[in-house]
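Geometric and topological summary
Single-letter residue listing:
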Amino acid sequence: HAIWPERGLALAIHGGAALSHFIVFTPADQDFLCLEPVTHCIDASNLAFQGVADTGDRTLAPDERLAVTVRFKVEVF
């Protein structure tokens with residue numbers, strides 16, 4: 001959950017099983033942020049190549065697809 005009590009708002013983000021990582025980006029001196037469920041950690045390919053486990057890195061075969069579902073729910077309190 002991301003919660004903004006001064007606005008009486010919260011945001012719940014639910015990703016499917018394939019979305020095993022979550023990225024939060026908060027740029028300095030800005031009034032916004034980015035919340036993103038993703039399939040892999042930052043720099044997953046290089047980390048996996050170095051032997052780091054559980055990066056989420058995966059290779060799809062030609063014509064193979066990966067489908068995911070994400071649900072964003074705004075809560076007002």
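Structural notes, computed from the coordinates. Just so we're clear, the structure is a prediction, and the values are computed from it rather than from any experiment.

Moving on, we get to the overall build of the protein. What the protein contains, in helices and strands, is one helix and five strands. Each helix (α) and strand (β) of the protein, taken in turn from the N terminus, gives the series β-β-β-β-α-β. Taken along its principal axes, the extent of the C-alpha atoms in the protein is 45 × 30 × 20 Å. Across the 77 residues in the protein, those meeting the buried criterion constitute 21%. Considering only contacts in the protein between residues 6 or more positions apart, those separated by 24 or more positions represent 46%. In the structure as shown, the protein presents an accessible area of about 6100 Å², 54% of it carried by carbon and sulfur atoms. Here the protein contributes 5 positive and 10 negative side-chain charges, whose respective centroids are spaced 11 Å apart.

Glancing now at the side chain of His-21. By the element assignment, His-21 lies in strand β3 (residues 21-25). Within the local environment of His-21, its side chain forms a polar contact with the side chain of Ser-20, the two groups lying 2.9 Å apart. Ignoring sequence-local partners within four residues, the contact set of His-21 consists of Glu-36, Pro-37, Val-38, Thr-39, His-40, Cys-41, Asp-54, Thr-55 and Gly-56.

Bringing unusual backbone geometry into the picture now. Within the chain, Asp-29 stands out as a residue other than glycine whose phi angle is a positive 60°. For Asp-29, the position within the fold is in the loop between β3 and β4 (34-38).

Okay, the environment of Pro-62 next. Within the fold, Pro-62 resides in the loop between α1 (44-49) and β5 (70-76). Sequence spacing of Pro-62 and Lys-73 is 11 residues, and the spatial spacing of their C-alpha atoms is 34 Å.

This part covers the sheet that holds β5. Ordered in space as β1-β2-β5, the three strands form an open sheet in which the pairing is antiparallel. Each edge of the open sheet is held by one strand with a lone partner, namely β1 (2-4) and β5. Each adjacent strand pair in this sheet contributes to an overall mean axis angle of 15°, direction not counted.

Thresholds, definitions, all that
Residues numbered from 1 in each chain as written. Predicted model: local features only at pLDDT ≥ 70, side-chain atom pairs only at ≥ 80, totals over all residues. Heavy atoms only, no water. Helix = DSSP H or I, 4+ residues; strand = E, 2+ residues; numbered from the N terminus. Buried < 20%, exposed > 50% of the residue type's maximum accessible area, 1.4 Å probe, protein only. Contact = heavy atoms within 4.5 Å. Areas by Shrake-Rupley, 256 points an atom, 1.4 Å probe, with all protein chains shown as cover. Lys, Arg positive; Asp, Glu negative; His and termini not counted. Charge placed at Lys NZ, Arg CZ, Asp CG, Glu CD. Polar contact = N/O pair within 3.5 Å; in protein donor to acceptor, adjacent residues only side chain to side chain. Pairing = 2+ DSSP bridges. Axes fitted to C-alpha atoms, helices over the stretch in contact; angles between N-to-C directions.

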